[in-house]
Structures are given as structure tokens and as C-alpha cells.
Amino acid sequence: MPTEANRDEAARAATTDRAGKAAATGAGTARPAPASPLTERQEARRRRILRACARLAGRGGFDAVQMREVAESSQVALGTLYRYFPSKIHLLVATMQDQLETLHGTLRKKPPAGETPAERVAETLMRAFRALQREPHLADAMVRALTFADRSVSPEVDQVSRQTTMIILDAVELTDPTPEQLSAVRVIEHTWHSTLITWLSGRASVAQVRTDIETVCRLMDLTAPESTDDR
């Protein structure tokens, strides 16, 4: 759960974003985001924005991501940036989805080699964890954004969740999961997010993260249809 200090930090970020929107658009509200699907030019612009955000976050974490600096670094107008991403929180959550998508591509090229579903999911999530270990400031910024996200960021948060679900289902080669398996995936996702928070805050070691992930991933074995057929 966010602490009082974190809630204050989120409030300050929101206030800064609102001020930036007003300065960029000449009004108190941001213009709507571009309609989907994006054109090739719009997609290229969006990619530049996400890369700029990742670079800034990687250097200095959550506080280093300032919308004006992102706009300058990605060579887009500030008003244009706000049309794509209404706030810093929207931008950082979208950056996390983009990072997960890149990771997913890497995992597809080299799938996990564990013998059981639990082993394969645990291996996959630990590979993702090691990738985040290499960029701790970026990881902290993205996880903070997820923690601070309110209902206005629901579409972006849902994208992160869907991407994580796809990564887990691919690890166990599931294309038609049962309701019980989807429930297990949701619990694994919740634990994965929680372990990231505790590790980033210095309250859990890497060994503890591994143990927690391996433990929760056993749910994939328990919910496998063959485990019930054998009874």
C-alpha cells in the first residue's frame, strides 16, 4: 500500500502535470490522445517518447522524468506529448508495458527450459527480474507509477497486466487456459508486483524474491488439468 509520503509524492506529480498541461495547451485540460491505430509517423513519435522516458528514468528514477524534459529529449512539442500521455504516470506505466513487450520478444526467442509449468514460469519471471535489476532506477520509476495510478490510468495499467499474463501463459504454452489457471496467473501477477516493491524498497533480498516467486508459481502445477484428472 502507498505510504503517506508516497501519496504526497503522487499528488505533487499530478499537480506538476496539470500545470504543464495548462502551459502547453493554454487550457486547464489536456487534449485527447491520438486515435488508435496510430499512423506510422505517430507510432515513430510515440516510440521516441517512450525511449526518452526510459533514458531519463534510468538515469535518475521517478523524479528525473519531467514532461518538459521528455518532450525536449524526444524532439516533440510539449502539447503533443500531453496528447499522447496525459500525465507522467500515464507515460511511465506505458513505458513499463513497452519494456515488458520487449522482454516478451526476447523470451519468445529463448523460451524457458523448466520441466514443469511452475519451473518455466518461475524461470521467466526471474529473467524479467534480472532485467529490472540491471536498471534499478527505471524499475523503481515504473513500479511507483503503477502504485500511484488512479482510475484515469486504467487502460495503461490493463495493458501492463495483459502483457504480463501473455508472458506467463506463453511460458507454459497455454492458449486456452481454464478459469482456475487464469486465477492462478492473477495471483502470480500480484505476487510478482509485491516482490518488486519489497525488493526496490530494500525490504527483500534477491534470494527472498526468488523463493516467493518459485512458491507462488507452483499454483500453475496445482491448476493444471492433468493434476485433477489423476485423482
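Structure's up top.
Residues numbered from 1 in each chain as written. Predicted model: local features only at pLDDT ≥ 70, side-chain atom pairs only at ≥ 80, totals over all residues. Heavy atoms only, no water.

What to know about the packing of aromatic side chains
For any two aromatic rings, the description comes down to two numbers: the centre-to-centre distance and the angle of the planes.
Link 1 in the chain: Scanning all chains against the criterion turns up two aromatic pairs.
Link 2 in the chain: Pairing F62 with F148 gives two aromatic rings, centres 5.5 Å apart and planes at 80 degrees, and the pair type is edge-to-face. One end of the pair, F62, is in the loop between α2 (40–60) and α3 (67–74); the other, F148, is in helix α7 (residues 136–148), and 86 residues separate them in sequence.
Link 3 in the chain: On the accessibility criterion, F62 (2% relative accessible area) is buried.
Link 4 in the chain: The exposure class of F148 is buried, given its relative accessible area of 13%.
Link 5 in the chain: When the ring centre of F62 is taken as origin, the NZ or CZ atom of K88, which lies over that ring, is 3.9 Å away. (Phe/Tyr/Trp six-rings, centres within 6.5 Å; stacked < 30°, edge-to-face > 60°. Helix = DSSP H or I, 4+ residues; strand = E, 2+ residues; numbered from the N terminus. Buried < 20%, exposed > 50% of the residue type's maximum accessible area, 1.4 Å probe, protein only. Lys NZ or Arg CZ within 6 Å of the ring centre and 35° of its normal.)

Looking at the nonpolar core
Link 1 in the chain: One finds L81, L91, V121 and C217 to be the most contacted residues of the largest nonpolar core, which totals 61 residues.
Link 2 in the chain: No other element matches helix α5 (residues 88–109), which puts nine residues into this core.
Link 3 in the chain: Excluding its chain neighbours within four sequence positions, the residues that come into contact with V121 are I168, A171, V172, I188, C217 and M220. (Core = buried A, V, L, I, M, F, W, Y, C linked by side-chain atoms within 4.5 Å. Contact = heavy atoms within 4.5 Å.)

Some remarks on the packing of helix α9 (residues 179–200) against helix α10 (residues 206–217)
Link 1 in the chain: At their nearest, the axes of α9 and α10 sit 10 Å apart, and the two run at 175 degrees to each other. It follows from the interaxial angle that α9 and α10 lie roughly antiparallel. Residue-level inspection shows V187, I188, T191, W192, T195 and W199 of α9 in contact with α10, the latter providing V206, V209, D212, I213, V216 and C217.
Link 2 in the chain: Across the contact of α9 with α10, the residue classes tally to nine nonpolar, two polar and one charged. (Axes fitted to C-alpha atoms, helices over the stretch in contact; angles between N-to-C directions. Parallel < 35°, antiparallel > 145°, perpendicular 65-115°, else oblique. Nonpolar A, V, L, I, M, F, W, Y, C, P; charged D, E, K, R; others polar.)

Brief notes about the environment of A113
Link 1 in the chain: Relative to the assigned elements, A113 resides in the loop between α5 and α6 (117–133).
Link 2 in the chain: Separated by eleven residues in the primary sequence, A113 and T124 have C-alpha atoms spaced 9.4 Å apart.

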